[in-house]
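# Descriptive analysis of the structure
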Amino acid sequence: MQATVLVDNIGQEELPGEWGLSVYIAAGPKRLLLDAGASGLFLSNAAALGLDIAAVDAAVLSHAHYDHADGLADFFQQNSRARLYLRRQAAANCYKIAEGEYKYIGIRPDILQDFANRLEFVDGVYQLLDKVYLLPHATPNLAEQGRLAQMYCRQPDGGWQPDDFAHEQSLVFDTPDGLVIFNSCSHGGVENIVNEACRQLGRPARMLIGGFHLYQRSADDVRSLARRLRQMNLQAVYTGHCTGQPAFDILRQELGEKVFQLQVGLQIKF
């Protein structure tokens, strides 16, 4: 199996980047797309890399934020058959407090409306393919993570609740050597996500791939996380996007050469 990064903050000369994430995954005979970035950029990068988005068999939305979802209209127009798998709780209601105001950071509402017949809402532990799963958060009180990140969901009555990231899911591959976990932003907490996958599937974790949402966290917080990750005995950690360069540098200092930087065009075999 092989994952190819189509969108990340870090691009290359012929493969530009943007604030977002999109990953193309070849899993045996099946082709998956995890997220579609913030625009149609993933399409041009895929074409430059010789990857056919029209041939993708299934798409997965990691969570309902614009920088992972807003390229989906372009995906549906390019690919006429694949369904998009997302959490039942995914909706156009995600906000972040910025400069004292609630700023909308969610999926474009028109995508949910215009392509409703292509959406597959899932609950619980969902088996997408043989040995491939979509996992919900199973850690209690994740609304505290939302409060600390100043992320909120708009309620039907117009009120605000800290985001508990029930709309976030992990894409997990159960390989002979352990679990390979993709979680694009890890809003529910990196350590929580690894522990959730191990508990829900009853297998040790081998590899962790995605953004860790550390770009606003202190150096002490990142070092503490790195020490806890070291105890999990992961073979490799690939991270970028919302991790941020200072946090990535600390993770690399603490965990050494098992930490790799995500960037457009990177290929990961697992």
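Residues numbered from 1 in each chain as written. Predicted model: local features only at pLDDT ≥ 70, side-chain atom pairs only at ≥ 80, totals over all residues. Heavy atoms only, no water.

## Some remarks on the sheet that holds strand E7 (residues 101-104)
Counted only if it meets this: Note on pairing: two strands pair once DSSP finds at least 2 bridges between them. Where helices and strands are cited, they refer to DSSP runs of H or I of at least four residues and of E of at least two residues respectively, numbered from the N terminus. For helices, the fitted axis covers only the stretch in contact; all axes are lines through C-alpha atoms, and the angles between them, taken along N-to-C directions, range from 0 to 180 degrees.
Taken together, 4 strands build an open sheet; the order of strands is E7-E6-E11-E12 and the sheet is antiparallel. Looking at which strands have only one partner, the edges of the open sheet turn out to be E7 and strand E12 (160-162). Pairwise comparison of adjacent strand axes, ignoring direction, gives a mean angle of 45 degrees for this sheet. Bridge count between strand E11 (residues 151-154) and E12: 3 bridges; the pairing is antiparallel. Bridge pairing in E12 places cysteine 153 opposite glutamine 161.

## Observations concerning the packing of aromatic side chains
Where we set the bar: Planes of paired rings set the category: under 30 degrees apart is stacked, over 60 is edge-to-face and the rest tilted, where pairs are Phe, Tyr or Trp rings (Trp by its six-membered ring) whose centres lie within 6.5 Å. Partly exposed describes any residue whose relative accessible area lies between the buried limit of under 20% and the exposed limit of over 50%, with all areas from a 1.4 Å probe on protein chains only and scaled to the type maximum.
Using the criterion set out here, one finds 12 aromatic pairs in the structure. Pairing tyrosine 95 with tryptophan 160 gives two aromatic rings, centres 4.8 Å apart and planes at 85 degrees, and the pair type is edge-to-face. Of the two residues, tyrosine 95 is situated in strand E6 (residues 94-98) and tryptophan 160 in strand E12; the sequence distance between them amounts to 65 residues. Tryptophan 160 sits in the partly exposed class, given a relative accessible area of 25%. With centroids separated by 5.8 Å and ring planes inclined at 90 degrees, the aromatic side chains of tyrosine 102 and tyrosine 152 adopt a geometry described as edge-to-face. Separated by 50 residues along the polypeptide, tyrosine 102 in strand E7 and tyrosine 152 in strand E11 bring together distant segments of the chain. Given a relative accessible area of 36%, tyrosine 102 falls into the partly exposed group.

## A word on the nonpolar core
Rules: What is meant by a nonpolar core is a set of buried Ala, Val, Leu, Ile, Met, Phe, Trp, Tyr and Cys residues, joined one to another through side-chain atoms within 4.5 Å. Between two residues, a contact is recorded if the distance between any of their heavy atoms is within 4.5 Å.
Residues Leu33, Phe42, Ile53, Leu72 and Phe75 are the most contacted members of the largest nonpolar core, which totals 34 residues. When contributions to this core are tallied by element, the ones reaching two or more residues are strand E1 (2-7), helix H1 (41-48), helix H3 (72-78), strand E5 (83-87) and helix H4 (109-114). For phenylalanine 42, the residues in contact, after removing those within four places along its chain, are Leu6, Val7, Ser22, Leu33, Ala36, Ile53, Gly71, Asp74 and Phe75. Within the second largest apolar cluster, 27 residues are counted, among which are Leu208, Leu214, Leu225 and Ala226.

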